[in-house]
Amino acid sequence: MMTTRNSAAVLAAIALTAAASSHLAAQRPEAGSAAQGYAVVNSDAVALTGVTLIDGSGGPAQRGRTVVIEGSRITAVGADGAVDIPAGAEVMDLAGHTVIPGMVGLHNHLFYTAAGGRSAQLTFSAPRLYLGSGVTTVRTTGSRQPYAELNLKAEIEAGRTPGPRIHITAPYITAGGGMSGMTMLESPEQARRFVRYWAAEGATWLKAYTNIRTEELTAAIDEAHAQGIKVTGHLCSISFTEAVALGIDNIEHGLATNSDYSEGRGRDECPQSLWDDATSIDVNGPEAQATFQAMIDAGVAMTSTLAVYELFIQGRPTRDARSLEAMAPAVREDYLAAKAQIDEIGRSPEEFQTAMAYEKAFYDAGGVLASGVDPTGNGGALPGYGDQRNYELLSEAGFAPHEAIEILSANGARVLDVFDDLGTVEAGKIADLVVMSGDLTADPAVIRNVTVVFKDGVGYDSPAMLADVRGRVGIS
């Protein structure tokens, strides 16, 4: 006999202990663990009914859908009443709710920087903010404490700690000095040695930073590919088209870091006028289109990080009450002071509109656009909350709801080579799903109304998880 409850009851329920098959046991929360404490749906079989589904495939929203989960996998998706629900399944009546795939964050650090020169490794708050916001997979995209991140990844995989799947990026590589905590490469051989070491330690990505030189980046890319790992970059000294020619796999941030449009730039030079040069171009003109075509032809994706760039624009609505509550009091105070100053002297709103239009033009040209929050800068873009903000900003940039969800989920899965298992809501894939109250197709702000997040078929209490980080961001 099927059991039924609505979403309000889900949040108050006590989790059931599911009997999982041996190959999935490590993916489910360990009894008595911090992860298990947030689990509110842990049945052998679950059916979500009555939902508006944006499945991540790039197709439009579907209304009145049923999604069936058995163990850690989705086993059926279809119209209400047309899907066989297993006997004894827990049925969740979710009329008035939207379901999307678990988000895949491609620029989602586990450290955080904020106004006042603050920096903290968020081993407690970041994984809860990510998972509680609906981000079920992250790539760290540059590490400051790589062993802390490797250890956290192991704890999450063992089911002892709540959090997303983590794809580890090695410490940053750059050149020229002046970047504390980054690896300063002085030769191609050092680059190769660095890559071999971190590949052996478990990193699956490298990240090049602004002053990297051509010889060292070439060696790093070649060695990375020989080791079966990939390379992305926050570029400047090397332009997007130059990096594509070297064999890079992904490029971060979009327009603001592309020196393709800086006339007279010398070899391996990061121009001081980068932002002004970039934001003065016609995003539909031949220069931009040449960049896009080079990336598309080589299969190089672009990572959108609009949420962090918005923080430096005059007059933008970057005082999210949830983020302010999550910050430690001193962090909040300094952030608000920094934001007040930026509203007077920051970059212009028109430049930000150009940066958004650049990403839309890349997507429209056929480019693979993914997204991530990058919780750095002055601290206003928090893990998870900033990923949600990216959805709102992509909507503002002109993306339809189904396009924005594909960017936040499926495209990230494609870049990470996990699309066979993640990124869309379809039978056979791992049951990573986000349930939110309201109609996301009618109001982008619904992306913030997360009630339950499924990861590996286990439903986690989003509000409880997010409540536990209040006042801790910037500390732990």
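See the structure shown above.
Summary of the structure given here. These figures come from a predicted structure and were not determined experimentally. (Residues numbered from 1 in each chain as written. Predicted model: local features only at pLDDT ≥ 70, side-chain atom pairs only at ≥ 80, totals over all residues. Heavy atoms only, no water.)

A few points about the sheet that holds strand S18 (residues 301–304)
Thought 1: Sheet architecture is open: three strands sit in the order S17-S18-S19, paired in parallel fashion. Pairing within the sheet leaves two strands with one partner each, and these edge strands are strand S17 (250–252) and strand S19 (369–371). Averaged over all neighbouring strand pairs, the angle between strand axes comes to 30°, with direction disregarded.
Thought 2: In this sheet, S18 lies alongside S17 in parallel orientation, the contact comprising three bridges. Of the residues in S18, the one forming a bridge with Asn 250 is Ala 301.
Thought 3: Packing against the sheet, helix H13 (residues 349–364) makes contact with S18 and S19, and its axis sits at approximately 150° to S18. (Pairing = 2+ DSSP bridges. Helix = DSSP H or I, 4+ residues; strand = E, 2+ residues; numbered from the N terminus. Axes fitted to C-alpha atoms, helices over the stretch in contact; angles between N-to-C directions. Contact = heavy atoms within 4.5 Å.)

Quick word on the packing of aromatic side chains
Thought 1: Evaluation of the coordinates by the stated rule reveals eight aromatic pairs.
Thought 2: With a centroid separation of 5.1 Å and an interplanar angle of 85°, the aromatic rings of Tyr 197 and Trp 198 are classed as edge-to-face.
Thought 3: You can call Tyr 197 partly exposed: its relative accessible area is 42%.
Thought 4: Accessibility expressed as a relative area gives 10% for Trp 198, which makes it buried.
Thought 5: Ring centres of Trp 275 and Tyr 309 lie 6.2 Å apart, and the angle between their planes is 25°; this geometry places the pair in the stacked category. Remark: Tyr 309 occurs in helix H10 (residues 306–309) and Trp 275 occurs in helix H8 (residues 274–279); sequence separation between them is 34 residues.
Thought 6: The class of Trp 275 is buried, set by a relative accessible area of 13%.
Thought 7: Taking the relative accessible area as the measure of exposure, Tyr 309 reaches 18% and is therefore buried.
Thought 8: A network of ring pairs unites the aromatic residues Tyr 261, Phe 292, Tyr 358 and Phe 362 as a single cluster. (Phe/Tyr/Trp six-rings, centres within 6.5 Å; stacked < 30°, edge-to-face > 60°. Buried < 20%, exposed > 50% of the residue type's maximum accessible area, 1.4 Å probe, protein only.)

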